[in-house]
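Here are the chains, one letter per residue:
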Amino acid sequence: MLNALAAGRRNRVAALSRFLIIPIAIQGIWIWWPAVRSVFLAFTSWDGILPPRFVGLKNFQVMSGDPVFQIALVNNLKWAVGYTFAPLVLGLALAVLLDRPIRGRNVYKSAIYVPCVLSLVATAVIWSWILQPEGLLNLIIHSLGLSQTQEAWLADPNTVTWAIIAVAVWQTSGFVMVLYFAGLQAVPVELEDAARIDGATAWQVFRKITFPLLRPVHVVVLTGSVVAAVKTFDLVWVLTEGGPFYTSATLASYMYQKAFVGYRFGYASALSLVILVISLTFIVIYLRQVLAEELE
Amino acid sequence: MRNATVARRDLVAASRRPLSIRLNGILPYVVLTTVSAIWLVPIGVALITALRTMGDIIQRGFIALPQQLNVANFGTAWEQGSMAQDLLNSFLITIPSVAGTVFLASMVAFALAQRRIPGSRFVLIALITGSMMPPQMLSIPIYELANQLQIYDTYVPLILVHIGFQIGFCTFVLHNYIRTIPAALTDAALTDGASTWRIYWSVILPLARPALAAMTALEFTWIFNDYFWAIVLIRNNALVPVTVGLVNLQGLYKVDWSVQAAGAVLAIIPTLVVYLALQRYFEKGLTAGVH
C-alpha cells in the first residue's frame, strides 16, 4: 500500500517534470547558451567570417582608451538619473492625486498610461517632428515668448541626450504611476487616519507614513528603471543613431553599431558585457524585491 | 478585489476630508487635466499631421487644423510604404510568440505550483533571471546561432527568442495566481483518477483565465512593439514587422511628415485597440510583480 503511494507520487513528479522540458529547453538554447557564449566572445577578436580569435583583455584595453565608450558611459549615467527620477516623482505625484476620490479617475489614468502601449519606434517617429527646429516644441516656446532661437534639439550635442531622455520620460511615466497607484491601495487607511487624528498635516502623513510604506514600489521602480536605462536602445537608434558625432550614443547603441554595422563582434561583445556588469547589482536588488516571497 | 479597496479608500477619504483639502479640491483636477492634455498632445499631433498634406504644413505651419481631411497619406503609407505587409508580418510574429509564451508559461507555472518537483524554486528564479539579461549581450550569439541553423531571416528564431525572454515574467505572474487556487480542487480531481495533464487542462487553465487574459494582453503589446530583435534577426524587407517598417517608411518619405504620421498612426492602432479593449487586465498584470 505504502509502496503504491510512493510509486504514485514518483509518477506524479515525473509527469509534472515533463511540463518543464520544452520551456527550459527554449530558454536554455536561446537565452542561457547565448549569454555564456557572449562572455567568451568578449575576449576574442571576431569579424563573423573567420573563427573568433582569443585576444585576452585586449578589447577592454581598447575600450578604456575609446572616447566614444566614455561618451556612451556618461550618457547612460544621464539616462539612469533622468529616466529614473523624473518618472518616479511624476508617477508618484499623479498616483497620490488619483488616490483621492477623483471623478473620471480612469480617464486620467488611461490618458497618461497610453504612451506605454505605443512602440518606442512610433514614439520616436512622432517626437522627431516635434523636436525639429521648425517643430511643435519650438513653436510653443516662441509663442510663450520664452526664446526666439530655432533650437535643433536633436542636432545639438548639448541638448540631444536630454531631449531623448525627455521622450522616454513621457513614454514611461504612466507605467510608474500605475505601479504607485496599486502600491497606495495597499497602504492601510487606518494608519493615515490615526496620524491625522493626532494632528498631522497632509504633508506629514505622506512624508512619515505613506512614502515609507511604499518602499517595495520604490525599490522596483528605482532598480527596474536603472536596468532599463543601462540597456536603452530603440529611442536612441531611431531618433539619432547615437549622433551627431556619437554625442547621444549609449552603450547599447554603440554596441549595436560595432556589431551589426561594423562587424566587430568581439569588441561589441565586450561592450555588452559592460552593460551586464553595470546592471547586475540592480538586477539582483530588483529580483530580491520581486521574488521576496519565493526567496523566504 | 482591487476595485473594492479603491472604493473603500474613497469612502473613508470622503467622510474625513478636512476643510483645507476640500478648499483645494479643484487643484487635483487642474493638475490631472493639464498633465493628461500634455500627454495626449503628441498623439493628437500625429493624427492631425496624418490628415494634412505636406504642402499645407509648409504653407500654414505645424500647428493648424487640416482645411480638408486628406486620407491619401494613409493610402501612400499602406501601399507604397508597405505598411499593410509589415502589419501582417507583425501579427505573424506576435501571435505564435504570445501563444507560445502564455501556453508554455502556464505549464511551468502549474507544474511548479504543485510544489512537488525538487528545485522548483530554482527553476522559477532561473527563468525570471533569464528575462532580465540585457538583449544586447545575447544578440551576437543568437545571430550566430540563427545563421548556423540556417534559420536567419525567418520567423523561427525571432519567435523562439521572444518566448525565451518573456516566459520568465509570464511564469512568475501565472505561478502566483495558480498558487491561490485551492489544492482541494486538484486533489478531488486526483482521487477521481484524472491524469496530471487533465488536471492542468480541465481544472487549472479554466480557473486561471483572468491571469491568462492579463498576460496575453501585456505580452501582445510587448512583442508587437519589439524592434531590436527584428533588426538583429530579419534582413529581408518583405519580412520585417511594422516597427522596422515604420523606420523604413521614415527613410523613404524623409521630407513628407504627413506620410510618416499616417504610418505611425497605422503602426500604433493594434496595440491601442488591445489596450483599450483589455484595459482592466493590463493593470492587474503590470502590478502583479510588485505585491
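The rules behind the values
- Residues numbered from 1 in each chain as written.
- Chains lettered and ligands numbered in written order.
- Predicted model: local features only at pLDDT ≥ 70, side-chain atom pairs only at ≥ 80, totals over all residues.
- Heavy atoms only, no water.
- Helix = DSSP H or I, 4+ residues; strand = E, 2+ residues; numbered from the N terminus.
- Rg over C-alpha atoms; globule rule 2.2 N^0.38 Å.
- Contact = heavy atoms within 4.5 Å.
- Lys, Arg positive; Asp, Glu negative; His and termini not counted.
- Charge placed at Lys NZ, Arg CZ, Asp CG, Glu CD.
- Core = buried A, V, L, I, M, F, W, Y, C linked by side-chain atoms within 4.5 Å.
- Buried < 20%, exposed > 50% of the residue type's maximum accessible area, 1.4 Å probe, protein only.
- Expected span 1.5 Å × (residues − 1).
- Patch = residues over 30% accessible without salt bridge, like charges linked within 9 Å, V, L, I, M, F, W, Y side chains within 5 Å.
- Areas by Shrake-Rupley, 256 points an atom, 1.4 Å probe, with all protein chains shown as cover.
- Salt bridge = Lys/Arg side-chain N within 4 Å of Asp/Glu carboxyl O.
- pLDDT = per-residue confidence, 0-100.
- Axes fitted to C-alpha atoms, helices over the stretch in contact; angles between N-to-C directions.
- Parallel < 35°, antiparallel > 145°, perpendicular 65-115°, else oblique.
- Left-handed = near helix turned anticlockwise from the far one by under 90°.
- Nonpolar A, V, L, I, M, F, W, Y, C, P; charged D, E, K, R; others polar.
- Disulfide = S-S within 2.5 Å.
- Buried area = accessible area lost by both parts, 1.4 Å probe.
- Polar contact = N/O pair within 3.5 Å; in protein donor to acceptor, adjacent residues only side chain to side chain.
- Phe/Tyr/Trp six-rings, centres within 6.5 Å; stacked < 30°, edge-to-face > 60°.
- Lys NZ or Arg CZ within 6 Å of the ring centre and 35° of its normal.

## What to know about the overall build of chain B
Reasoning step 1: Looking only at helices and strands, chain B has 16 helices and zero strands in total.
Reasoning step 2: Taken over C-alpha atoms, the radius of gyration comes to 24 Å for chain B, far larger than the 19 Å a tight globule of 291 residues would show.
Reasoning step 3: Its C-alpha atoms put chain B at 75 × 70 × 35 Å along the principal axes.
Reasoning step 4: If you take every contact in chain B between residues at least 6 apart in sequence, the share linking residues at least 24 apart comes to 76%.
Reasoning step 5: Counting 18 positive and 12 negative side-chain charges, chain B places the centres of these two groups 16 Å from one another.

## Digging into the nonpolar core
Nonpolar side chains in soluble globular proteins generally cluster together in the buried interior.
Reasoning step 1: Counting 197 residues, the largest nonpolar core has W79(A), Y180(A), I140(B), W229(B) and L246(B) as its most contacted members.
Reasoning step 2: It is helix α7 (residues 160–185) of chain A that provides the largest number of residues to this core, a total of 15 residues.
Reasoning step 3: For W229(B), the contacting residues outside a window of four places in its chain are P135(B), L138(B), S139(B), I142(B), L158(B), V161(B), H162(B) and F165(B).

## Details of α7(A)
Reasoning step 1: Given a rise of 1.5 Å per residue, 26 residues ought to cover 38 Å, and the 38 Å separating the end C-alpha atoms of α7(A) matches this to within 8%.
Reasoning step 2: Burial runs high along α7(A): 23 of the 26 residues are buried.

## Some thoughts on a nonpolar patch on the surface
Reasoning step 1: Where nonpolar side chains cluster on the molecular surface, the patch consists of L139(A), I140(A), L144(A), L146(A) and I63(B) and spans about 490 Å² of accessible area.
Reasoning step 2: Tracing the sequence through the fold places L144(A) in the loop between α6 (136–143) and α7.
Reasoning step 3: On the accessibility criterion, L144(A) (59% relative accessible area) is exposed.

## A closer look at the confidence of the model for chain B
All names here are of chain B.
Reasoning step 1: This prediction gives chain B a mean pLDDT of 87; 90% of its residues lie at or above 70.
Reasoning step 2: The lowest-confidence element of chain B is helix α2 (residues 19–23), averaging 48 in pLDDT; the highest-confidence one is helix α13 (residues 228–233), averaging 97.
Reasoning step 3: The complex model carries a pTM of 0.91, and its ipTM stands at 0.93.

## A closer look at the packing of helix α6 (residues 83–113) of chain B against helix α9 (residues 155–179) of chain B
All names here are of chain B.
Reasoning step 1: Packing of α6 against α9 leaves a shortest axis separation of 6 Å and a crossing angle of 40°. As judged from the angle between their axes, α6 and α9 are oblique. In the crossing of α6 with α9, the sense of the turn from one axis to the other is right-handed.
Reasoning step 2: Class assignment for the residues of the contact of α6 with α9 results in 19 nonpolar, nine polar and one charged.

## Let's talk about the state of the cysteines
Reasoning step 1: Applying the stated rule across the entire model yields zero disulfides over all chains.
Reasoning step 2: You can see C116(A) has no disulfide; the closest cysteine sulfur is in C170(B), sitting 19 Å from it.
Reasoning step 3: For C116(A), a relative accessible area of 17% gives the class buried.
Reasoning step 4: For C170(B), a relative accessible area of 0% gives the class buried.

## Looking at the interface of chain B and chain A
Reasoning step 1: The interface is formed by 110 residues belonging to chain B together with 109 residues belonging to chain A.
Reasoning step 2: Roughly 10000 Å² is buried in total at the junction of chain B and chain A, and carbon and sulfur atoms are behind 74% of that figure.
Reasoning step 3: Across the contact surface, chain B and chain A share two salt bridges.
Reasoning step 4: A salt bridge links R37(A) to E144(B); its shortest N-O distance comes to 2.5 Å.
Reasoning step 5: Between chain B and chain A we count 15 residue pairs in polar contact (both at pLDDT 80 or more) in total.
Reasoning step 6: The dominant element in the side of chain B that touches chain A, judged by the number of residues it contributes, is helix α3 (residues 26–50) of chain B, at 15 residues.
Reasoning step 7: Residues that form the side of chain B that touches chain A fall into these classes: 72 nonpolar, 25 polar and 13 charged.

## Observations concerning the packing of α7(A) against helix α16 (residues 279–287) of chain B
Reasoning step 1: With their axes 10 Å apart at the nearest point, α7(A) and α16(B) run at an angle of 80° to one another. One finds that α7(A) runs roughly perpendicular with respect to α16(B). Residues F175(A), V178(A), L179(A), F181(A) and A182(A) of α7(A) lie in contact with α16(B), whose contacting residues are E283(B), L286(B) and T287(B).
Reasoning step 2: The residue makeup of the contact of α7(A) with α16(B), split by class, is six nonpolar, one polar and one charged.

## Thoughts on the packing of aromatic side chains
Reasoning step 1: For the coordinates displayed, the defined rule picks out 35 aromatic pairs over all chains.
Reasoning step 2: Their ring planes at 25° and their centres at 6.5 Å tell us that F233(A) and Y227(B) sit as a pair that is stacked. With F233(A) in the loop between α10 (215–230) and α11 (234–239) and Y227(B) in the loop between α12 (209–224) and α13, the pair connects residues from two separate chains. Just as F233(A) is buried, Y227(B) falls in that class too.
Reasoning step 3: Ring centres 5.0 Å apart and planes at 85° place the aromatic pair Y275(B) and F282(B) in the edge-to-face group.
Reasoning step 4: The exposure class of F282(B) is buried, given its relative accessible area of 2%.
Reasoning step 5: The ring of W46(A) has R37(A) sitting right over it, with the charged end atom 5.9 Å from the ring centre.

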